[in-house]
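# Understanding the architecture of this molecule
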Amino acid sequence: MGRGKLRIYLGAAPGVGKTYAMLSEAHRRVERGTDCVVAFVEHHNRARTEVMLHGLEQVPRKHLDYRGSAFTEMDVDAVLLRAPAVALVDELAHTNVPGSRNAKRWQDVEELLAAGIDVVSTVNIQHLESLGDVVESITGVRQRETLPDEVVRRADQIELVDMSPQALRRRMAHGNIYKSDKVDAALSNYFRPGNLTALRELALLWVADRVDEYLTEYRSEHRVSKIWGSRERIVVGLTGGPEGRTLIRRAARLAEKGAGGEVMAVYIARSDGLTSASPKELAVQRTLVEDLGGTFHHVVGDDIPVALLDFARGVNATQIVLGSSRRKTWQYVFGPGVGATVARESGPDLDVHIVTHDEVAKGRGLPVARGARLGRSRIIWGWLVGVGGPVVLALLLNTIDLGLANDMLLFLTVTVAAALLGGLFPALASAAFGSLLLNYFYTPPLHRLTIADPKNIVAIAIFVGVAVSVASVVDLAARRTHQAARLRAESEILSFLAGSVLRGETSLEALLERVRETFGMESVALLERAGDVDPWTCAGSVGPRSPKRPEDADVDMPVGDHMALALSGRVLPASDRRVLAAFAAQAAVVLDRQRLQHEADQAKELAEGNRIRTALLAAVSHDLRTPLAAIKAAVSSLRSDDVAWSEEDQAELLEAIEEGADRLDHLVGNLLDMSRLQTGTVTPLIREIDLDEVVPMALGGVPEGSAELDIPETLPMVAVDPGLLERAVANLVENAVKYSPTDEPVLVAASAMADRVEVRVVDRGPGVPDEAKDRIFAPFQRYGDAPRGAGVGLGLAVARGFAEAMGGTLNAEDTPGGGLTMVLTVRAVDSLPDLATATAERQAS
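## Looking at the pattern of salt bridges
- Taken as a whole and judged by the stated rule, the model has 24 salt bridges.
- A salt bridge links Glu159 to Arg7, with the shortest nitrogen-to-oxygen separation between them at 2.5 Å. Of this pair, Glu159 sits in strand E8 (residues 157-161) while Arg7 sits in strand E1 (residues 6-11), placing them 152 residues apart in sequence.
- Glu159 gets classed as partly exposed once you look at its relative accessible area, which sits at 30%.
- Owing to a relative accessible area of 11%, Arg7 belongs among the buried residues under this scheme.
- Across the pair Arg82 and Asp35 runs a salt bridge whose closest N-O atoms are separated by 2.7 Å. A residue pair is termed long-range when its members are at least 10 positions apart, and Arg82 in helix H3 (residues 76-82) and Asp35 in the loop between helix H1 (18-31) and strand E2 (36-40) qualify at 47 residues.
- Linked through salt bridges whose partners overlap, the residues forming this network are Arg7, Glu25, Arg28, Arg29 and Glu159.

## Considerations on the nonpolar core
- Of all hydrophobic cores here, the largest spans 61 residues; its most connected members are Leu88, Leu112, Leu147 and Trp206.
- Broken down by element, this core gets its largest block of residues, six residues, from helix H9 (residues 193-221).
- Apart from the residues within four sequence positions on either side, Leu112 is in contact with Met74, Val76, Val79, Leu80, Ala87, Val89, Ile117 and Val119.
- Grouped together as the second largest cluster of nonpolar side chains are 43 residues, Leu691, Leu699, Val733 and Leu810 included.

## Some thoughts on helix H18 (residues 508-519)
- With 12 residues, H18 ought to run about 16 Å at 1.5 Å a step, and its terminal C-alpha atoms sit 17 Å apart, in line with that.
- Remark: Gly520 follows H18 within two positions and exhibits a positive phi of approximately 65°.

## Some words on the sheet that holds strand E13 (residues 351-355)
- Here five strands make up an open sheet; going across it, the order is E11-E10-E9-E12-E13 and the pairing parallel. Both edges of this open sheet fall to strand E11 (295-300) and E13, since each of them pairs with a single strand only. When strand polarity is set aside, the average angle formed by the axes of neighbouring strands in this sheet is 25°.
- Bridge count for strand E10 (residues 262-269) against E11 is six bridges, and the pairing is parallel. The partner of Ala265 across the bridge, within E11, is Phe296.
- Helix H12 (residues 304-314) contacts strand E9 (233-238), E10, E11 and strand E12 (319-323) of the sheet and is inclined by roughly 150° relative to E10.

## Quick notes on the environment of Asp662
- By the secondary structure assignment, Asp662 is in helix H21 (residues 647-678).
- Exposure remark for Asp662: the relative accessible area of 46% places this residue in the partly exposed category.
- Note: C-alpha distance between Asp662 and Pro627 (35 residues apart in sequence) is 9.3 Å.

## Quick look at the packing of H12 against helix H13 (residues 338-345)
- Packing of H12 against H13 brings their axes to within 9 Å, and their N-to-C directions diverge by 45°. The angle between the axes of H12 and H13 places the two elements in the oblique class. By crossing handedness, the relation of H12 to H13 is classed as right-handed. Seen from H12, the contacting residues are Ile304, Pro305, Leu308, Leu309 and Arg313; seen from H13, they are Val338, Thr341, Val342 and Glu345.
- Its residues assigned to classes, the contact of H12 with H13 shows six nonpolar, one polar and two charged.

## Re the packing of aromatic side chains
- In total, this model carries zero aromatic pairs according to the counting rule given.
- Between the NZ or CZ atom of Arg61 and the centre of the ring of Phe40, over which it lies, the distance is 4.0 Å.

Reading guide: rules and limits
- Residues numbered from 1 in each chain as written.
- Predicted model: local features only at pLDDT ≥ 70, side-chain atom pairs only at ≥ 80, totals over all residues.
- Heavy atoms only, no water.
- Salt bridge = Lys/Arg side-chain N within 4 Å of Asp/Glu carboxyl O.
- Helix = DSSP H or I, 4+ residues; strand = E, 2+ residues; numbered from the N terminus.
- Buried < 20%, exposed > 50% of the residue type's maximum accessible area, 1.4 Å probe, protein only.
- Core = buried A, V, L, I, M, F, W, Y, C linked by side-chain atoms within 4.5 Å.
- Contact = heavy atoms within 4.5 Å.
- Expected span 1.5 Å × (residues − 1).
- Pairing = 2+ DSSP bridges.
- Axes fitted to C-alpha atoms, helices over the stretch in contact; angles between N-to-C directions.
- Parallel < 35°, antiparallel > 145°, perpendicular 65-115°, else oblique.
- Left-handed = near helix turned anticlockwise from the far one by under 90°.
- Nonpolar A, V, L, I, M, F, W, Y, C, P; charged D, E, K, R; others polar.
- Phe/Tyr/Trp six-rings, centres within 6.5 Å; stacked < 30°, edge-to-face > 60°.
- Lys NZ or Arg CZ within 6 Å of the ring centre and 35° of its normal.

Geometry only, nothing functional implied.
Given below as structure tokens:
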């Protein structure tokens, strides 16, 4: 049985109609006779969505109890047993209730897909992991429930469910999304027009990029070289000269005129030294194009026009922007130039813009370009001049008598011209052929291959020697020029590579993409294996059909004993392997750095886990002591034979035992859940709740009258784990009571601050100096001369650990007039997106 197919309805915000569209698709499939069931769909009491469920088979949900509340989740086993052709699963990024089969719903979906069941699901753009920071910067809300981008990217079909911000806000105002008591808060916070517009743009761009990936993959698989103008892509050809900034800005303006325009600046370093590129100027231009939203690419190519056109067609560009040539007028005798060549060879599908600038015709600062390895056309011209030149010259000299010395100089000139054009061998041929013509036509006896005067023999010998020497020197100079230019091109690549390290570009995929672009390859992969006989594994790859083994690649570069960089596309000359070796070494370094960073992150997580476990142990020793002591005293009193207890006294002692046992049970449950949280087996259950439902329960461990409450009824609901919040506040209050004067009750007050709610525990004790405010939150810290019965100094450490586990903060401030104020900050519900609201609505239903 093959793997099932995944179809996702992607939306920009809650309420755009993802679930409705999914149910509409289900009805269409049922009408076609497809076996389609509802595995889990949440209608959130939206009437139109709820109606769409009628007529569809629903798999019964699984009921779970967690912390005294009942929840329902998708029953994966029931869906697998039912084995439908298509299953509808809503809210792909949902976090399952602790105790479920998987921690995340997308993991449930993976099981269904693996079983061959097609799945139709929904997700909002803000739940993608890579967009968490962007969404937080837009809305001020950090998404707690996310899923890896790769889960959505692997979907066989992604359909965008779009709605304008104005229409969505009207739906909200009409009560079609949230309940009426939450509409005003939603419209003034998360559903502001600016927020919705930005989220909509994110969704549209993300889907556009996904479509672009499909298109690129299709063009690669079908080897489509013709440009498809699906969107405006503008390639800017840079020479490293000062005119590059003008070209980049002009390209950016062109891109702004078309929807989804993209600017790609490319610098082509050729081995013959066409331009004198300034690394500093290139760095400035790179920064400029990236600031304007474009990308910078560095490519090596022997023929500038061909390399530029190949790059443009490879990225499916629609326009090329080039600058007018900086060559002087006389330099055009060597060719039409890059701009004219690109315009002539671009074809009908690729527009070429030649932009004027201040550097036009001011010269390029280097000699005119010479073809790498002289080039085929130049070699042909060299042979034509070397063989045909002496014949043409002989015909001309037969009509004019200039003397043998002048004839030799003219033939030597032809030989030098052949050397300049074609190198050594055409020059040698010209020298040999020219010497024969000199002997036959101009050295007595004429028209014979003999020489009567010995002086003429010496002259011809000198002519041949000078011709061969000049040809050798010219050819050697051309080779040295080629080598120097080649080394300079390599140094530019290596300088760029070193700059990427200094800029902190540590992405392995980005580096491999740079290798692919630089050497013009189809795909690049970094392979590794544990031992000499172990199979190869891919540590990272770019491009289609990347090689799985070094033997399968066109080029492989070993890196150490058990690593290799494999490239497919063409065979590289040996001269390119030196630069490739530098890239390979850098790829190994980047891979090691990524793994070290991963290990450092794991070590940080372990350290954080150790810190929380320390807090948990502290809570056990600190918070269990009081109820245990009370239970022990009550039990000892009841068992004592020295006192005859009345029924009222016995009832009071039994009540004390029951209260202590309930408190212990409640505390142990919270501690066990927190322990499971730190081991990665459970996620805090963030719920919408009012503070006045939790905070009063936290005062049960302090004497009556020692604390006062000030919790306004107008406060928004908070998104917290009630058990963790209760323990945190209880520890803060107990700590404050210990240090406050007996006649000064501790004040527990709450207030709303923007998207946060602050719980302030205020005491009138001795206070804490600024330098000790952070130290008091460390485990086993007791401030001042506190008596030994005041605890071992773990209450505040536990409180801060619980606060941070809920995404909140806990800090200490001075109380005006003396004392210490503990400020516990948690998120307000109004600042959360639809997920928290949907969870609360599901609980209420």
